[in-house]
Amino acid sequence: MRRAEEVTGKPMDRVDGRLKVTGGARYSADMPVDNVAYGFLIASTIGSGRIKQIDTAEAEKVPGVLAILTPFHVARMAKGSIKAQSVPPSDQTPQSQKTPGNGSAQKPGSAQGGPQEGQKAQQRQTPPPRKIHLLQEDDVFYNGQPIGVVVADTLDRAMHAASLVRVHYQRSAPLLSMSGEMHRAYRPKAAGGKGDMPDSLQGDLEMGWEMATSKVENTYITPVETHNAMEPHATVALWEGDRLTLFDATQGIFGVRKRIADLFEIPADNVRIIAHFVGGGFGSKGPVWSHVVLTAMAARHVGRPVKLTLSRHQMFGPIGFRGETHQHVKLGARRDGVLSLVEHNGMVQTSVFDEFIEPVGASTRMLYACPNIGTTHRAVRLNIGTPSFTRAPGEAPGMYALESAMDELAYSLGMDPIDVRLRNYAEVEPESGKPFSSKSLRECYRVGAERFGWSKRQAEPRSMRDGRMLVGYGMATATYPTNRSAASAKARLMADGTAIVQSGSQDIGTGTYTVMSQVAADAIGLPVDRVQFQLGDTDLPPTPNSGGSQTAASVGSAVLLAGQALRTKLIQLAIGDRESPLFGVSESDIATRSGGIYLKNDSTRGEDYTTLLKRNRLPQIEARVDAAPGEEKNKYAMHAFGAHFAEVKVDPDLGTVRVARYVGVFAAGKILNAKTARNQFMGGITWGISMALMENTLMDPRTGRIMNADLAEYHVPVHADIPALDVTFVDEVDPYVNPVGVKGIGEIGIVGAPAAVANAVYHATGKRVRDLPITLDKLL
Ligand code: MOS
């Protein structure tokens, strides 16, 4: 029953908005810590080899320098060392015959297959820890690898001293070219670092191809993309005996605690991680990277708290990125547009010392109904940092390829792109055969087409103009799985009628403080301004990483249940209390309103929580809930969906592309806050446009040094690049996904957006660009 005063869903301003705009919000590096010293990372300047010697004499002369940690001067860590993985031998296939999925790649479903399908997606949220560099060996695996830390009494002195450290290397030739090393591609055990199978196969791919009358077969390429969160990664480490407190810019405080406890071999109870505010993560703050542990090592070494912040330059390489992908997609359809084959073979890159496989085929397995679907993932090891979770890992680049290919298929069929998608609409999840817990994709296409004015599109490429500008319309589908992990929360009502609600978690800029305050207020039955929601501290109840768009579903469910448990306690207190006007009343006859409980059919009979607590001489009353996903995951396929529509204007002489209009329509279960949700989608779409037109991490092919490692040369959109984004939601009530009914909206906004833009560019120009970003040189 929805009460008029409920705030969940309302476009409420951020509860932390004022703190943020007034500078009152303290991010990790802002935390005041007495006697803090400053660490600065030293990074390798070669792509591969060994450190022979590090000359620190000049650096040590800099006044205020406290220590220089290098592989030759650091405490040993039993679990801290890493080894190169063997680079697979060449398979001898001539370079010219090599396309991903053709020839070199093993046939999906063949004998060498790993664990079977049923196990897929079990560990989506708990990837293995990244292998990180803790100065335990002298190997250099990539350019930019952390190889030392200078600690000084000021940041300037630490940076200056770091510039004076001389490193002598024994160099070997780095493996840097993805296409050059494809003859050494190998089949990984899992894709995504999430336990998903690298290959999938349904039906008969060859037969599906033969049956097709319209065929599309192309390779789509996406470049290395770097997260570039606004807040640089930062850690402050403070030891008190063998107890450690870290203020850390992280997407997962409990993950940091576990990793730190493990590496330093101390009990997790001795480690406290605090992250009150995090300025964006985009996946880069999910794993624990070298600098976090090195900061704690440095603090122990100098016997003082140490603060270490990565420079913008240092955020390119050692904290993950989206690896380059080469995706070979084959689509076949009969004359009526019904798909007879969907094949998606991904070639991705990983490092020589660790493994992350961008799961580009993930969406292909669940999006369109087709009897014959095959996906594979193969990887190439290079001397690069390890790629990692980045803005919808897998889905974002994978759907660029699949949804570009669907657009190409629509032209080859002479059908409208929306019609082709509707013709192949999946009523059950193709891969598993499970029903969807809810799916409103049809409605997203319909509403989006209407808002955008899709019917005005003239099918012929290069047929629409605005003055001398070429105009193009493009669309694409969005999808993202609904993830949820175990999470706990505590709700406490105080004698003054205010509540404190707590759940470890972290707000990475998405609005967690705000939406959890809303959910808690409604669950307890309090006005939202009487609820204070606290997070960002491992002393609070445990929660998962804020990754995989799962925080609202996981923490939201825990907060909802804890709030409801608290309300139940209050009601039971009243009905068992002879002095309460509700004494002896049945629980189901009671409603909550504005901080009090009343009879549903007689609102004059009841009392405020404050009265109830005071009379019972209770200073507070508390409920705690440990919530976890149940059987629903096995019964239903759970995904959010959406549709993107883009209008671009392309200068026919200059090749410049402007996105002129944009419509995104999404169905993602319950929307907890219409304002912060819209904000999330604007961010996702902005990154999608960015991926389509701008982002590209460029590496020097000789040294492996990243050449555009700053925000001047690594292009991301500014306001002038992004039009007013029209974002709307299709109402969706999903009783199955999780108690709070949300599907998660952190990542779906980017998924499909690059294809919508690329498809619009094709429609405008007649040129199909199959390697991102679509820069003007590719259109001339
Ligand atoms: Mo997100 S890339 O799952 O942190």
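Parameters at a glance
- Positions within a chain are numbered from 1, following the residues in the order the chain's sequence is written.
- This being a predicted model, a pLDDT of at least 70 is required before a residue's local features are given, and a value of 80 or more before pairs of side-chain atoms are given or counted; all residues contribute to the totals for chains, interfaces and linings.
- Values reported for side chains reflect all heavy atoms of the structure, with hydrogen atoms and water molecules removed beforehand.
- Think of it in three bands: residues with accessible area under 20% of the maximum for their type are buried, residues over 50% are exposed, and the middle band is partly exposed, with areas taken using a 1.4 Å probe on protein chains only.
- Secondary structure is summarised from DSSP: a helix means a run of H or I of at least four residues, a strand means a run of E of at least two, and numbering begins at the N terminus for each.
- Taken from the helix axis, the directions to the C-beta atoms give the arc we talk about.
- Any two residues whose heavy atoms approach within 4.5 Å at even a single point are treated as in contact.
- Strands pair, by our definition, only if DSSP identifies at least two bridges between them.
- When two rings of Phe, Tyr or Trp (its six-membered ring) have centres within 6.5 Å they constitute a pair, described as stacked for plane angles under 30 degrees, edge-to-face for angles over 60, and tilted for the intermediate range.
- The criterion for a charge sitting over a ring is simple: Lys NZ or Arg CZ within 6 Å of the ring centre, and within 35 degrees of the ring normal.
- A cavity here means a set of 1 Å grid points, computed over protein atoms only, where a 1.4 Å probe fits but cannot escape. A pocket is an open set with protein on both sides within 12 Å along at least 5 of 7 lines, and lining residues have an atom within 4 Å of a point.
- Grid points are joined across faces, edges and corners, and a volume is the space filled by probe spheres set on the points.
- Each residue is assigned to one class: nonpolar for Ala, Val, Leu, Ile, Met, Phe, Trp, Tyr, Cys and Pro, charged for Asp, Glu, Lys and Arg, and polar for all the others, Gly among them.
- Every residue gets a pLDDT, meaning the predictor's confidence in that residue, from 0 to 100.
- The axes are straight lines fitted to the C-alpha atoms, using for helices just the contacting stretch, and the angles between their N-to-C directions are given from 0 to 180°.
- Here a polar contact is taken to be a pair of N or O atoms separated by no more than 3.5 Å, where protein atoms must pair a possible hydrogen donor with a possible acceptor and residues adjacent in sequence count only if both atoms sit in side chains.

Turning to helix α3 (residues 155–164), a few remarks are in order. Regarding α3, the residues found buried are Ala158, Ala161 and Ala162. Along the axis of α3, the buried residues cluster in a sector spanning 105 degrees; they form a single face. Taken together, the buried residues of α3 touch β1 (37–43), α2 (57–60), β3 (65–69) and β5 (146–152).

Take the pairing of strand β8 (residues 214–222) next. The side chains of a regular strand alternate, first on one face of the sheet and then on the other. A one-sided burial pattern is seen for β8, the buried positions being Ser214, Val216, Asn218, Tyr220 and Thr222 and the unburied ones Lys215, Glu217, Thr219 and Ile221. Where β8 meets strand β13 (residues 325–333), nine bridges bridge the pair, whose relative direction is antiparallel. Among the inter-strand pairings, Glu217 is bridged to a residue of β13, identified as Lys330.

This brings us to the packing of aromatic side chains. Here the structure, examined in full by the defined rule, presents 19 aromatic pairs. The rings of Phe452, Trp454, Tyr473 and Phe645 are connected pair by pair, giving a single aromatic cluster. For Arg768, the ring lying beneath its charged end belongs to Tyr762, and the centroid distance is 4.1 Å.

Turning our attention to empty space enclosed by the protein. Summed over the entire model, instances satisfying the criterion amount to five cavities of 30 Å³ or more. Roughly 60 Å³ of internal volume is contained in the largest cavity. Every residue along the wall of the largest cavity is listed here: Lys131, Ile132, His133, Tyr142, Trp289, Ser290, Gly317, Pro318, Phe353, Gly385 and Thr386. In terms of residue class, the lining of the largest cavity is built from five nonpolar, five polar and one charged.

As a general rule, the predicted coordinates of low-pLDDT regions are not to be interpreted in detail. Of the residues in the protein, 94% have a pLDDT of 70 or more, and the chain-wide mean is 94. In the predicted structure, residues 94–125 sits below a pLDDT of 50 and forms 59 contacts with residues beyond four places in sequence or in another chain.

A few words now on the sheet that holds strand β15 (residues 373–382). Spatially, β7-β15-β14-β13-β8 is the arrangement adopted by the five strands of the open sheet, whose pairing is mixed. Of all the strands in the sheet, the pair left with one neighbour each is β7 (200–202) and β8. Geometrically, the sheet is characterised by an average inter-axis angle of 10 degrees between neighbouring strands, direction not taken into account. Across the sheet, helix α7 (residues 395–413) touches β8, β13 and β14 (339–351), and the angle it forms with β8 is around 150 degrees.

Time to look at the side chain of Thr226. Take Thr226: it is sitting in the loop between β8 and β9 (234–240). Within the local environment of Thr226, its side chain forms a polar contact with the side chain of Thr697, the two groups lying 2.8 Å apart.

Right, let's talk about the sheet that holds strand β23 (residues 602–608) for a bit. Strand order in the open sheet formed by three strands is β21-β22-β23, with antiparallel pairing between adjacent strands. A strand with exactly one partner marks an edge of an open sheet, and here the two such strands are β21 (590–593) and β23. Direction aside, neighbouring strands of the sheet carry axes that sit 35 degrees apart on average. Examined bridge by bridge, strand β22 (residues 596–599) and β23 share four bridges and lie antiparallel to one another. From the neighbouring strand, Ile597 faces β23, where its bridge partner is Glu607.

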